[in-house]
Amino acid sequence: MSELDITEVARRSGVPASTLRFYEEKGLIASVGRRGLRRLFDAGVLERLALIAMGRAAGFSLEEIALMFAPDGQPRIDRRMLSAKAEQLDKTIRELSAMRDGLRHAAACPAASHLECPTFRRLLRGAASGALGTRRKKPLRRA
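First things first, this report covers the structure right here in the doc. (Residues numbered from 1 in each chain as written. Predicted model: local features only at pLDDT ≥ 70, side-chain atom pairs only at ≥ 80, totals over all residues. Heavy atoms only, no water.)

1. Here's the deal with the nonpolar core
Turning to step 1, where the next piece is worked out: Within the largest apolar cluster, 19 residues are counted, with the highest numbers of intra-cluster contacts made by Val9, Leu20, Tyr23, Ile29, Leu49, Ile52 and Ile65.
Turning to step 2, where the next piece is worked out: Of all the secondary-structure elements, those providing two or more residues to this core are α1 (6-13), α2 (17-25), α3 (45-57) and α4 (62-66).
Turning to step 3, where the next piece is worked out: Ignoring sequence-local partners within four residues, the contact set of Val9 consists of Leu4, Gly14, Leu20, Phe41, Val45, Leu46 and Leu49. (Core = buried A, V, L, I, M, F, W, Y, C linked by side-chain atoms within 4.5 Å. Buried < 20%, exposed > 50% of the residue type's maximum accessible area, 1.4 Å probe, protein only. Helix = DSSP H or I, 4+ residues; strand = E, 2+ residues; numbered from the N terminus. Contact = heavy atoms within 4.5 Å.)

Rendered as structure tokens:
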């Protein structure tokens, strides 16, 4: 069976039909026809959906994922883009690890008050400076 209707694609892939329609609208997948009111897809759409899911799990946007496919639908993955994303993930992992370690320390710290703990105060300074991965927004303007 080389063609699957949208219900079967949703069942096999775990991707809701509404998301499949959205992906088609964005040009990430393409139906090959209709059976009544239901869209039909080539069975190869399941592999393409797996690639999209992997890209999303890695933090790529749908626009970035779309660039990973050639006009004929075959994967065309830019290795530099993968490397850059891996570096970004490494940075995020370091930031989250530091936050995890800080939380564990704060939970077990014997100081009477967290504000008396030098390690906790260092974490506070790091958070205030953005070193813990927090995004600094524009300063508030006072009226």
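Now, onward.
2. Description of the layout of surface pockets
One water molecule sets the probe size; rolling that probe over the atoms shows where empty space is left.
Turning to step 1, where the next piece is worked out: Estimates place the volume of the largest pocket at around 290 Å³.
Turning to step 2, where the next piece is worked out: Lining the largest pocket are 15 residues, with Leu28, Gly44, Val45, Arg48 and Gly73 sitting closest to its centre.
Turning to step 3, where the next piece is worked out: Of all the elements in the fold, those that place two or more residues in the lining of the largest pocket are β3 (38-42) and α3.
Turning to step 4, where the next piece is worked out: For the lining of the largest pocket, the element with the most residues is α3, which contributes four residues.
Turning to step 5, where the next piece is worked out: Tallied by class, residues from the lining of the largest pocket come to eight nonpolar, four polar and three charged.
Turning to step 6, where the next piece is worked out: Considering only enclosed or pocket space, the second largest pocket measures out at about 160 Å³ in volume.
Turning to step 7, where the next piece is worked out: As for the second largest pocket, its lining consists of Leu51, Met54, Gly55, Ala58, Phe60, Met68, Phe69, Pro75, Ile77, Leu82 and Lys85.
Turning to step 8, where the next piece is worked out: Among the secondary structure elements, those contributing two or more residues to the lining of the second largest pocket are α3 and α5 (79-108).
Turning to step 9, where the next piece is worked out: Here the element with the most residues in the lining of the second largest pocket is α3; it accounts for three residues.
Turning to step 10, where the next piece is worked out: Grouping the constituent residues of the lining of the second largest pocket by class yields nine nonpolar, one polar and one charged. (1 Å grid on protein atoms, 1.4 Å probe; cavity = no way out; pocket = protein on both sides within 12 Å on 5 of 7 lines; lining within 4 Å. Points joined across faces, edges and corners; volume = space filled by probe spheres on them. Nonpolar A, V, L, I, M, F, W, Y, C, P; charged D, E, K, R; others polar.)

Keep in mind these numbers describe shape, not what the thing actually does.
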